[in-house]
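# Coordinate analysis (summary)
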Amino acid sequence: MTLQWTAVAFFLYAEIALNLILCIPFISARRWRSVFGWRIWNWLTPYWNKCFFTMIMVLIVLFLDAVREVHKYSGAEPMHDVKINPNLFDNVHMKLFRAQRNLYISGFSLFLWLIMRRTVTLLNQVAVTVENSAGLQAQMDSAVKVAKQHQDDNLKLKQALLNEEKAMSAKNQVLKLDSEKLADQVKTSEEAVRKSYAEVEAMKRQAKGLAQEYDRLLTEHSQLQNVKSGDKKDL
């Protein structure tokens, strides 16, 4: 294996290891996001996109070269040479095997490179979604708590209004009874006043009669006095 394909093979092994580490289930996306937030990644961020696209271009070139090699040693011309010189059969198959091996190495390296980039992006997105959902959950819990508090306050207010209404009803009932008692007292007082007026009128009539009787008696008394005075003169 040449130096370039050895480097590509080690790169493939490193990609497999990194993808397996990224797929470990007990490491949460938020923890990965905290790891991706280290200062070293912030320092490498300006070079990351350039490195990513450079590796894609290199892997694509190697993949196309491997495809060319496979097509070259799978064609009819090498087999024609094998028929002419049977000693070349093992050599052609060895080169075809190497070309296919290089094709698989470069293809899987390119595939895992894209998968790793996508995995990192999805982990960041999941971490952001989890943080947003946690914030929304906190807001929702706060809103539910406030709504429950308002509901409790409304129940207390309704209970207070109901108690006040009952108290007002009881007061109205008492006032109604008091007004009925006052009406009865007023009626009784009116009857007493009418009786008093009647008694006063009776007393006035009695006094008038007494006055008339007194005047009559005075008149009779005067007449008797006059009669007695006349009798004395005659004697």
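See the structure shown above.
Residues numbered from 1 in each chain as written. Predicted model: local features only at pLDDT ≥ 70, side-chain atom pairs only at ≥ 80, totals over all residues. Heavy atoms only, no water.

## Side note on the overall build of the protein
A count of helices and strands for the protein gives five helices and zero strands. If you list the helices and strands of the protein from N to C, you get α-α-α-α-α. Across the 235 residues in the protein, those meeting the buried criterion constitute 15%. Within the protein, residue pairs in contact and separated by at least 24 positions form 83% of the contacts whose partners lie at least 6 positions apart. As displayed, the protein offers around 18800 Å² of accessible surface, 64% of which is attributable to carbon and sulfur atoms. (Helix = DSSP H or I, 4+ residues; strand = E, 2+ residues; numbered from the N terminus. Buried < 20%, exposed > 50% of the residue type's maximum accessible area, 1.4 Å probe, protein only. Contact = heavy atoms within 4.5 Å. Areas by Shrake-Rupley, 256 points an atom, 1.4 Å probe, with all protein chains shown as cover.)

## Section: helix H1 (residues 3–22)
At 3.6 residues per turn, the α-helix brings residues three or four places apart onto the same side. With 20 residues, H1 should cover 28 Å at 1.5 Å per step; its first-to-last C-alpha distance of 28 Å lies within 8% of that length. Those residues of H1 not exposed but buried are Trp-5, Val-8, Ala-9, Leu-12, Glu-15, Asn-19 and Leu-22. Within H1, the buried residues cover an arc of 150° as seen down the axis, which keeps them to one side. In H1, those exposed residues whose orientation departs by more than 90 degrees from the buried face are Leu-3, Phe-10, Tyr-13 and Leu-20. (Expected span 1.5 Å × (residues − 1). Arc of directions from axis to C-beta.)

## Let's talk about the packing of aromatic side chains
In total, this model carries four aromatic pairs according to the counting rule given. Each ring, one from Phe-10 and one from Tyr-13, has its centre 6.2 Å from the other, and the planes form 85°; the classification is edge-to-face. One end of the pair, Phe-10, and the other, Tyr-13, are both in helix H1, three residues apart, so they sit about a helical turn from each other. With respect to burial, Phe-10 and Tyr-13 carry one shared label: exposed. Between the aromatic rings of Phe-11 and Trp-113, the centroid separation amounts to 5.3 Å while the plane-to-plane angle is 50°, which identifies the pairing as tilted. Taken together, the positions of Phe-11 in helix H1 and Trp-113 in helix H5 (residues 89–234) put the pair 102 residues apart, joining distant regions of the chain. Residue Trp-113 is classed as buried on the basis of its relative accessible area, which comes to 6%. Aromatic ring contacts, followed pair by pair, group Phe-11, Phe-52, Phe-53 and Trp-113 into a single cluster. Across the ring face of Phe-52, the terminal group of Arg-117 is positioned such that the distance to the ring centre comes to 4.4 Å. (Phe/Tyr/Trp six-rings, centres within 6.5 Å; stacked < 30°, edge-to-face > 60°. Lys NZ or Arg CZ within 6 Å of the ring centre and 35° of its normal.)

## Comments concerning the nonpolar core
Burial of nonpolar side chains together is a common tendency in soluble globular proteins. Ranked by size, the top nonpolar core spans 21 residues in total, and within it Trp-5, Val-8, Ile-56, Leu-59, Val-70, Ile-105 and Trp-113 carry the most contacts. For this core, the secondary structure elements donating two or more residues are H1, helix H3 (39–74) and H5. With nine residues, H5 is the single largest residue contributor to this core. For Trp-5, the contacting residues outside a window of four places in its chain are Leu-62, Asp-65, Ala-66, Asn-102 and Ser-106. (Core = buried A, V, L, I, M, F, W, Y, C linked by side-chain atoms within 4.5 Å.)

## A short note on the pattern of salt bridges
Under the counting rule described, the total for this entry stands at four salt bridges. In this structure, Arg-68 and Glu-69 form a salt bridge, with 2.7 Å as the shortest nitrogen-oxygen distance. A residue is classified by how much of its surface remains accessible, and Arg-68, at 44% relative accessible area, is partly exposed. Beyond isolated ion pairs, a larger network of salt bridges with shared partners links Asp-65, Arg-68 and Glu-69. (Salt bridge = Lys/Arg side-chain N within 4 Å of Asp/Glu carboxyl O.)

## Here's the deal with a nonpolar patch on the surface
Together, Phe-10, Tyr-13, Ile-16 and Leu-20 make up an exposed nonpolar region whose accessible area comes to about 460 Å². Inspection of the secondary structure puts Leu-20 in helix H1. (Patch = residues over 30% accessible without salt bridge, like charges linked within 9 Å, V, L, I, M, F, W, Y side chains within 5 Å.)

## Re the side chain of Asn-19
Its location among the elements puts Asn-19 in helix H1. Here Asn-19 is in contact with Leu-112, Ile-115, Met-116 and Thr-119, once residues within four sequence places are set aside.

## Re the environment of Val-120
With respect to the secondary-structure elements, Val-120 resides in helix H5. On a C-alpha basis, the gap between Val-120 and Leu-22 in space is 7.9 Å, while along the polypeptide they are 98 residues apart.

## Remarks on the side chain of Glu-15
Take Glu-15: it is sitting in helix H1. Put simply, Glu-15 is tucked away with no salt bridge, and the nearest opposite charge, on Arg-117, sits 12 Å away. Apart from the residues within four sequence positions on either side, Glu-15 is in contact with Phe-108, Ser-109, Leu-112 and Trp-113. (Lys, Arg positive; Asp, Glu negative; His and termini not counted.)

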